[in-house]
Amino acid sequence: MSELILSRRRLLGTGALGLSGLVAGCDRINADPGVRGLLEQVGDVHRVAQRALIGRTALAKEFSAADMSPLFRANGSTRVADPAYRAELARGFAGWQLQVSGLVHNPMVLPMAALMALPQRTQITRHDCVEGWSAIGKWQGPRLSAVLKLAGLRPEARYIVFHCADLYGGRPYYESIDLIDAFHEQTILAWRMNDAPLTEAHGAPLRLRVERQLGYKQAKYVMGLEARSSLAGLHGGKGGYWEDVRGYQWYGGI
Ligand SMILES: Nc1nc2c(c(=O)[nH]1)N[C@H]1C(S)=C(S)[C@@H](COP(=O)(O)O)O[C@H]1N2
Ligand SMILES: [Mo]
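Along each chain, residue indices are assigned from 1 in the same order as the chain's sequence is written. Chains and ligands are labelled by the order in which they are written, letters from A for the one and numbers from 1 for the other. Selection of residues for local features in this predicted model requires a pLDDT of at least 70, selection of side-chain atom pairs for listing and counting requires 80 or more, and totals for whole chains, interfaces and linings are taken over all residues. The basis for the side-chain values is all heavy atoms of the structure; hydrogens and waters are excluded.

Right, let's get into the pairing of strand 5 (residues 159-168). On a regular strand, one side chain projects to one face of the sheet and the next to the other, so that they alternate. A strand pair is defined by DSSP finding two or more bridges across the two strands. Only DSSP runs of H or I covering at least 4 residues are called helices, and only runs of E covering at least 2 are called strands; the numbering of each starts at the N terminus. Summarising the sheet, strand 5 and strand 6 (residues 171-178) pair through 7 bridges and their orientation is antiparallel. The residue bridging His163 from the neighbouring strand is Tyr174, located in strand 6. Counted along the chain from strand 5 to the antiparallel partner strand 6, the turn is 2 residues long, and its residue Gly169 has a positive phi close to 55°.

Put into structure tokens, the structure is as follows:
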């Protein structure tokens, strides 16, 4: 904040005024169109700084059932070739288990029944794909934080990696988020979409919903979670499929 006040003073050349003088004189200063432009710039700096500091835990907008898109398109992989996946799909994922590994005190496997037995969160949110489409859908599942609390993160853990069952363009799809998003209220491991179990096209049996980020972060076909201290040495090292392949931002904030 003091840095912002300093930069306001620098911009406005009001070093002698002091903050109260500056505030008192605001209306007068605001009336000058040139100064107003400068204030707007400072406002932008402040918005960015505020978002960086406290904005990460704010909730994504939630919608009502009436807002749900009649058609939620499927994108990226819509079918998984892996034989073990296909066998589990055929039997309703009865023997499927989520693997929780890496920097945790209790590495574990969780069958679907265990994920369904945890407290559930339901949210109607908008999915924004960088390819230029959006859709509003309803998601249900346990919070990722509940699973991480069961496993117990080690202090060195900084990232949660999502290992997926599909290959896209011949490479394994994967994604990762930091612990702010991992413990965000709306970050869930969804097994239901629009009041029905996830379909294969949308990521059955389990996908990530990390609602403050773009579509490519919403990993489908999640087979395993891995807590790591660094993303180096994992696939292309940039923390996600599109990050490695096409240089997309690792933090796809919206
Ligand atoms: N495993 C996996 N997850 C993925 C993808 C993918 O190809 N494979 N595509 C991503 C992209 S770019 C988008 S927009 C969304 C699409 O989710 P949907 O198919 O449910 O619309 O999934 C994301 N998660
Ligand atoms: Mo996307």
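For each residue, the test is whether any non-hydrogen atom lies within 4 Å of the molecule or strand; if one does, the residue is near. As a structural note, the neighbourhood of ligand 1 is formed by 21 residues, with Arg73, Asp166, His202, Arg207 and Lys220 the closest of them. By the criterion applied in these results, polar contacts are pairs of N or O atoms within 3.5 Å in which, for protein atoms, one can donate a hydrogen and the other can accept it, and in which residues neighboring in sequence qualify only through two side-chain atoms. Here Asp166 contributes a side-chain N or O atom positioned 2.7 Å from a nitrogen atom of ligand 1. Secondary structure elements with two or more residues in the shell around ligand 1: strand 3 (120-129) and strand 5. Looking at the shell around ligand 1 residue by residue, the classes come out as 10 nonpolar, 7 polar and 4 charged. The residue classification treats Ala, Val, Leu, Ile, Met, Phe, Trp, Tyr, Cys and Pro as nonpolar and Asp, Glu, Lys and Arg as charged. All others, Gly included, are polar.

On to the sheet that holds strand 2 (residues 108-111), then. Strand order in the open sheet formed by 5 strands is 2-1-11-5-6, and the pairing between neighbours is mixed. Two strands bound the open sheet, and with one partner strand each, they are strand 2 and strand 6. Taking the axes of each pair of neighbouring strands and ignoring which way they run, one obtains an average angle of 20° across the sheet. Whether two residues are in contact is decided by their heavy atoms: any pair within 4.5 Å suffices. Only C-alpha atoms enter the line fits that serve as axes; for helices the fit covers just the stretch in contact. Angles between N-to-C directions range over 0 to 180 degrees. Where helix 7 (residues 144-151) meets the sheet, it contacts strand 1 (97-102), strand 2, strand 5, strand 6 and strand 11 (222-228), and its direction lies at approximately 140° from that of strand 2.

Along strand 3, 7 of the 10 residues are buried, which leaves the element largely enclosed by surrounding structure. Pairing of strand 3 with strand 4 (residues 133-142), which is carried by 10 bridges, proceeds in the antiparallel orientation. Looking across to strand 4, one finds that Arg126 is bridged to Ile136. Here strand 3 folds back onto strand 4, and the loop between the two strands holds 3 residues, one of which, Gly132, carries a positive phi near 105°. Using a 1.4 Å probe on the protein chains alone, a residue whose accessible area is under 20% of its type maximum counts as buried, one over 50% counts as exposed, and one in between counts as partly exposed.

With that settled, consider the sheet that holds strand 3. Pairing between the strands of a sheet comes from backbone hydrogen bonds, and it takes one of two forms, parallel or antiparallel. As summarised here, the arrangement of the 4 strands in space is 3-4-8-9, forming an open sheet in which the pairing is antiparallel. Of all the strands in the sheet, the pair left with one neighbour each is strand 3 and strand 9 (196-197). In this structure, strand 4 lies alongside strand 8 (residues 192-193), joined through 2 bridges in antiparallel fashion. Bridge pairing in strand 8 places Gln140 opposite Arg192.

Ranked by internal contacts, the top residues of the largest apolar core, which has 47 residues, are Leu98, Leu115, Phe162 and Leu225. The contacts of Leu115, once residues within four sequence positions are left out, are Trp96, Leu98, Leu110, Gln120, Pro142, Val147 and Leu206. As used in this record, nonpolar core signifies buried Ala, Val, Leu, Ile, Met, Phe, Trp, Tyr and Cys residues forming a set joined through side-chain atoms within 4.5 Å.

Scored between 0 and 100, pLDDT is the confidence that the predictor attaches to each residue. Per-residue pLDDT for the chain has a mean of 86; in total, 79% of the residues score no lower than 70. Here residues 1-33 is modelled with pLDDT under 50, and outside its nearest four sequence neighbours on either side it reaches 24 contacts, counting other chains as well.

Right, let's talk about the pattern of salt bridges for a bit. We define a salt bridge as a side-chain nitrogen of Lys or Arg found within 4 Å of a carboxyl oxygen belonging to Asp or Glu. Under the defined criterion, the tally for this structure stands at 14 salt bridges. Close ionic contact of Asp128 with Arg126 constitutes a salt bridge, the shortest N to O distance being 2.9 Å. Residue Asp128 is classed as buried on the basis of its relative accessible area of 13%. According to the relative accessible area criterion, Arg126 is partly exposed, its value standing at 42%. Here Arg209 makes a salt bridge to Glu211, at a shortest N to O gap of 3.0 Å. Pair check on accessibility: Arg209 and Glu211 agree, each one buried. One network of salt bridges, with partners in common, ties together Glu62, Arg121, Arg143 and Glu185.

Detection works on a 1 Å grid of protein atoms alone, calling trapped sets that fit a 1.4 Å probe cavities and calling open sets with protein on both sides within 12 Å along at least five of seven lines pockets, with lining residues defined by an atom within 4 Å of a point. Grid points are joined across faces, edges and corners, and a volume is the space filled by probe spheres set on the points. The space that makes up the largest pocket amounts to roughly 380 Å³. If you go around the largest pocket, you meet 25 residues; those closest to its centre are Asn75, Gly76, Tyr173, Gly215 and Tyr216. Of all the elements in the fold, those that place two or more residues in the lining of the largest pocket are strand 3, strand 5 and helix 9 (241-246). Within the lining of the largest pocket, the residues separate by chemical class into 12 nonpolar, 7 polar and 6 charged.

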